[in-house]
Amino acid sequence: MSDMIGEFNPPFLQHGRHTVAQTSVGSHSYMSYDLYFWKQTSDCTLAPDVVIQRFSESQSVDGIVPMDTAAVIARLKAEFPTIAENPLGLDECSVQLVWEHETDGCFIALPCTTYLCIESHGASNEILNRLIDIANEFKCPLYDPQTNERYAG
């Protein structure tokens, strides 16, 4: 299992450029913490925050390897059997997957053709590390926009 997320105390309010959302699960209220994953070749020379900005603007990025979204979705469903699938009907991201647990928080997974975004709302370190491990199975290392850190796969 990955140990990239140790004591998970994200610096939510230190990064004004990131959207901070709040959600409730059961009787708990959580701020969001986003994680991004994608596979790239050496042709991609952009900084990770620029890559994410381009993704958010639906721009192509040289050196990004398309993801097998069906396989990613299947793997997430296998790991989290109670995950709910909500169709989006978008070309880039056809579904969002929502998983919630009374004590382990929740996350929303957005598997797109070029990246996977996980929006965590109080998900435990164990849950986040399981998500990181899944992305690593697809050779998609973690990028943490809150710290502007891209990890090796």
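Refer to the structure presented above.
What counts, and where the lines are drawn
- Residues numbered from 1 in each chain as written.
- Predicted model: local features only at pLDDT ≥ 70, side-chain atom pairs only at ≥ 80, totals over all residues.
- Heavy atoms only, no water.
- Helix = DSSP H or I, 4+ residues; strand = E, 2+ residues; numbered from the N terminus.
- Expected span 1.5 Å × (residues − 1).
- Buried < 20%, exposed > 50% of the residue type's maximum accessible area, 1.4 Å probe, protein only.
- Salt bridge = Lys/Arg side-chain N within 4 Å of Asp/Glu carboxyl O.

## Quick word on helix α3 (residues 125–137)
Owing to its 3.6 residues per turn, the α-helix brings residues three or four apart onto one side. In a regular helix each residue adds 1.5 Å, so 13 residues correspond to 18 Å; α3 covers 18 Å between its end C-alpha atoms and thus fits that length. Buried residues of α3: Ile127, Leu128, Asn129, Arg130, Leu131, Ile132, Ile134, Ala135 and Asn136, and no others. Positive phi shows up at lysine 139, right after α3, with a value of about 60°.

## Focus: the pattern of salt bridges
In total, this model carries five salt bridges according to the counting rule given. For glutamate 79, the salt bridge is made with arginine 130, and the minimal N-O distance between the two is 2.8 Å. Placement of glutamate 79 in helix α2 (residues 69–79) and of arginine 130 in helix α3 is noted, with a sequence separation of 51 residues between them. Its relative accessible area of 23% is what places glutamate 79 among the partly exposed residues. The class of arginine 130 is buried, set by a relative accessible area of 19%. Within this structure, Arg75, Glu79, Glu126, Arg130 and Glu137 form a network of salt bridges that share partners.

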